[in-house]
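# Descriptive structure summary
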Amino acid sequence: MKKPLLPALALAAAFSLAAATPVDSIVGALERPRAFAARIESTTGLAGTVLESPDGDFIVAYRLPGDAGDSFVAAIADSIYRYKRATLSVEPMRPEAFAADGMARFAPAVLASHIRACLASDGSSRVSVSLPDTLSVETIHDGSPVAADVFVFDTATGRLRSETVRLMTSGDDILRHELIPCEGAPEHISRATLERLYPEAFIPRLPHTALKTVGSGSQSRVDLRDEARDALVAVLDAFDPSTPAMMARVRAAAAGRPIFWAFTDTRVDDITDRCPDPLPEGETALMGARALGVDAPALIEVKNRTIISTTSLSRCHH
């Protein structure tokens, strides 16, 4: 049997049926999964879609003004997928995973969890229902409300129709999101669904980095996602006695391609002991390469910004 998306919600849903308060009626409906699909439209220029399956999995895809492509957050089985700035991360499900994720809040179960957290707050929030389909979460400062999140729901489906953020001091609405039901409500969501909808997210690429350069009298930062378009990236440990021999093998295999020496070390002196200054043309030494998430020593071959291969240099004999 599939585990609940957010374990606390299963127990909370049981209490909501017994309490039957207006807030519990709205939140309880959010906590009951169903096949659902909607478009997101916003006064901020945000656009996206929400997909929910009957087993509680979801995908919230979105594009902010100025973005070159879509981003998404998804909960599938026991994993959370986040794709932003052309970088995909996958992590295990945990109850607090979406606490600070505003985009995930478009998913019904996450919105329900957010409202319940506001109900349990230490006085910083106040939750009320003014109409059967309208719930407000007020932000309290020095005992007075300063802003309100006003949620309007479809009473037939229990799903969010709109969210309006209102300044209480002026009464001005500073943003409004609308969810417009559409075709394509899924009966099942899996990793394969993400791969079909967003294949670009699963192309193996280097992560965005801000690795410091070493040598040449000054330091700058390099984003390997942008700079290593067609190159070799060697992830090295300056203290490994085999590093000079491995560097020689990488140079022999480069065939004119740029080489990035990505050292896991964080001390300049340790790295300069291995790299001449200046380096040969086409070579760049970097520090702090643990951010790449690759164990040293390794050789990453990149072509057209796509990782072609990752090979352990300790077992590589060119």
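Along each chain, residue indices are assigned from 1 in the same order as the chain's sequence is written. For a predicted model such as this one, the threshold for reporting local features is a pLDDT of at least 70, and the threshold for listing and counting side-chain atom pairs is 80 or more; totals across whole chains, interfaces and linings nevertheless cover every residue. The side-chain values count all of the structure's non-hydrogen atoms but skip hydrogen atoms and water molecules.

Turning our eyes to something else, we now look at the sheet that holds strand β2 (residues 47-52). Spatial ordering of the open sheet is given by β6-β5-β4-β3-β2-β1-β11-β10-β9-β8-β7, a layout of eleven strands whose pairing is antiparallel. Two strands in the sheet have a free side with no partner beyond their single neighbour: β6 (87-92) and β7 (125-131). Within this sheet the neighbouring strands show an average axis-to-axis angle of 15°, counted without direction. A pair of strands is treated as paired once DSSP finds two or more bridges between them. Secondary structure elements are taken from DSSP: a helix is a run of H or I of four residues or more, a strand is a run of E of two residues or more, and numbering for both begins at the N terminus. Here five bridges tie strand β1 (residues 36-42) to strand β11 (residues 173-181), and the two strands are oriented antiparallel to one another. Directly across from Ser 42, in β11, lies its bridge partner His 177. The contact criterion used is simple: two residues touch if any of their non-hydrogen atoms lie within 4.5 Å. Here, axes are lines fitted to C-alpha atoms. For helices the fit covers the stretch in contact, and angles between N-to-C directions go from 0 to 180 degrees. Set on the sheet, helix α3 (residues 108-119) makes contact with β2, β3 (58-63), β7, β8 (134-141), β9 (144-153) and β10 (160-167); between it and β7 the angle comes to about 115°.

Once that is clear, we can look at the pattern of salt bridges. Salt-bridge detection follows one rule: a side-chain nitrogen of Lys or Arg within 4 Å of a carboxyl oxygen of Asp or Glu. By the definition in use, this model includes 17 salt bridges. Taking the shortest distance from any N to any O, the salt bridge between Glu 301 and Arg 257 comes out at 2.8 Å. Taken as a pair, Glu 301 in strand β17 (residues 298-303) and Arg 257 in the loop between α6 (243-254) and β15 (259-263) lie far apart in primary sequence, 44 residues in all. Here Glu 301 falls in the partly exposed class, since its relative accessible area comes to 27%. Put simply, Asp 270 and Arg 267 hold a salt bridge, and the shortest N to O gap is 3.0 Å. Here Arg 267 falls in the partly exposed class, since its relative accessible area comes to 47%. Working definition: with a 1.4 Å probe on protein chains only, accessible area under 20% of the residue-type maximum means buried, over 50% means exposed, and in between means partly exposed.

For the peptide bond that leads from Ala 296 to Pro 297, omega is 0°, which places it in the cis range. Within the secondary structure layout, Pro 297 lies in the loop between β16 (283-287) and β17. Not every positive phi belongs to a glycine, and Ala 77 is a case in point at roughly 55°. Secondary-structure assignment places Ala 77 in the loop between β4 (71-76) and β5 (79-84). Even without being a glycine, Ala 255 presents a positive backbone phi close to 50°. Inspection of the secondary structure puts Ala 255 in the loop between α6 and β15.

Right, let's talk about the sheet that holds β15 for a bit. Pairing is mixed in the open sheet, where seven strands are placed in the order β13-β12-β16-β15-β14-β17-β18. Lying at the two open borders of the sheet, with one neighbouring strand each, are β13 (221-222) and β18 (306-312). Pairing between β15 and β16: four bridges, direction parallel. Opposite Ala 262, over in β16, you have Leu 286 as the bridge partner.

A few words on the pairing of β2. Where β1 and β2 come together, six bridges link them in antiparallel fashion. Across the sheet, Glu 41 pairs through a bridge with Ala 47, a residue of β2. Across six bridges, β2 lies against β3 in antiparallel orientation. Paired with Val 50 across the two strands is Val 60, which belongs to β3. What sits between β2 and β3 in their antiparallel hairpin is a turn of five residues, with Gly 56 showing a positive phi close to 95°.

Time to look at the side chain of Arg 82. With respect to the helices and strands, the residue Arg 82 is situated in strand β5. The term polar contact refers here to a pair of N or O atoms within 3.5 Å; inside protein, the definition further demands a hydrogen-donor-capable atom paired with an acceptor-capable atom, and it admits residues adjacent in sequence only when both atoms are side-chain atoms. At a separation of 3.0 Å, a polar atom in the side chain of Arg 82 contacts the side chain of Glu 91. A polar atom in the side chain of Arg 82 sits 2.9 Å from the backbone oxygen of Ala 97. Those residues within four positions of Arg 82 in sequence are excluded, and the remaining contacts are Phe 72, Val 73, Thr 87, Leu 88, Ser 89, Glu 91, Ala 97, Phe 98 and Asp 101.

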